[in-house]
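Here is how the chains run, residue by residue.
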Amino acid sequence: MIMKKTNLKIQHATSYSMFSILPMNRDINSAHVQKMIESIKMMGIIRPVIICETDTIEGVKKKYILDGQHLATACEREGLAIPYTTIKVNDEKDIVCKMAMLNNSSKSWDLMNYVNAYKMYYPDYMKLFKWKNMYDMEPSMIGCIALERNATAGVSTTIRSGKFTIINPKTEEMCKAFNDIFLRIGKTDRWIRFKFLAAFMENYNSYNHEKTLKNVDKHIKTIKLLTDADETLNYIKKNIFNI
């Protein structure tokens, strides 16, 4: 559904303390603030700060900046009135979704930005955040294990949507085991790492961990030379996991 274009009401404020920063938003970068100040001096303020007014975050109604926290900080540093407009939000998930969409106009959110935002409200996102910090794996890899999917299709979308739910009770032990393999693989193309993950998940319940690590050491040089996706997956299955 395409939303109708609306005329946003822009207000101005010099009472800087009336605005609160959302705890799930990205940290303010002082270098970015300085660039914003230089832009203001050259072109003026060409867009408003986007805020929402809600009691969802702290139980009391406050004005939170959804987009434009660097602009607001730059205005405060220069003693300028902050131009702002207010949009409606429904709940925590709606806040994160709209914040991500608005911020994508400047610098797109990566998966960990979504994980960091949702972890405040959903325990499974907190676990994903924890495992990402514990193991040297991409969040989408951990997502594949947690969602029991051999392929990444749809995993990133699920994480971004706020609907990520862990269904694999062995997620943590599998992350630990695959991290051992991941470290042995070393610097390889990303698609090769995901072929390893697919084979690992297919064979996890029957494979020998120590033997698998030895097989990785023995065959990794050959695997790095392969260029065909299907050939690589079959080679990994046969020579690493003995499938």
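For the structure itself, consult the block above.
Residues numbered from 1 in each chain as written. Predicted model: local features only at pLDDT ≥ 70, side-chain atom pairs only at ≥ 80, totals over all residues. Heavy atoms only, no water.

1. Structural notes on the sheet that holds strand 1 (residues 11–13)
Judged by pairing direction, the sheet is mixed, and its 5 strands sit side by side in the order 1-5-3-4-2 without closing on themselves. Two strands lie at the open edges of the sheet, namely strand 1 and strand 2 (19–21), each paired on one side alone. For this sheet, the mean angle separating the axes of adjacent strands, direction not counted, is 50 degrees. Here 3 bridges tie strand 3 (residues 49–54) to strand 5 (residues 82–86), and the two strands are oriented parallel to one another. The residue of strand 5 that forms the bridge with Ile-51 is Thr-86. (Pairing = 2+ DSSP bridges. Helix = DSSP H or I, 4+ residues; strand = E, 2+ residues; numbered from the N terminus. Axes fitted to C-alpha atoms, helices over the stretch in contact; angles between N-to-C directions.)

2. With respect to the nonpolar core
Phe-178, Ile-181, Phe-196, Leu-197, Phe-200 and Phe-241 are the most contacted members of the largest nonpolar core, which totals 59 residues. Broken down by element, the residue count for this core peaks at 8 residues, all from helix 9 (residues 190–203). The contacts of Phe-241, once residues within four sequence positions are left out, are Ile-181, Phe-196, Ala-199, Phe-200, Asn-203, Tyr-207, Thr-212 and Ile-236. Core analysis: the second largest hydrophobic core is formed by 15 residues, Val-33, Val-49, Ile-51 and Leu-71 among them. (Core = buried A, V, L, I, M, F, W, Y, C linked by side-chain atoms within 4.5 Å. Buried < 20%, exposed > 50% of the residue type's maximum accessible area, 1.4 Å probe, protein only. Contact = heavy atoms within 4.5 Å.)

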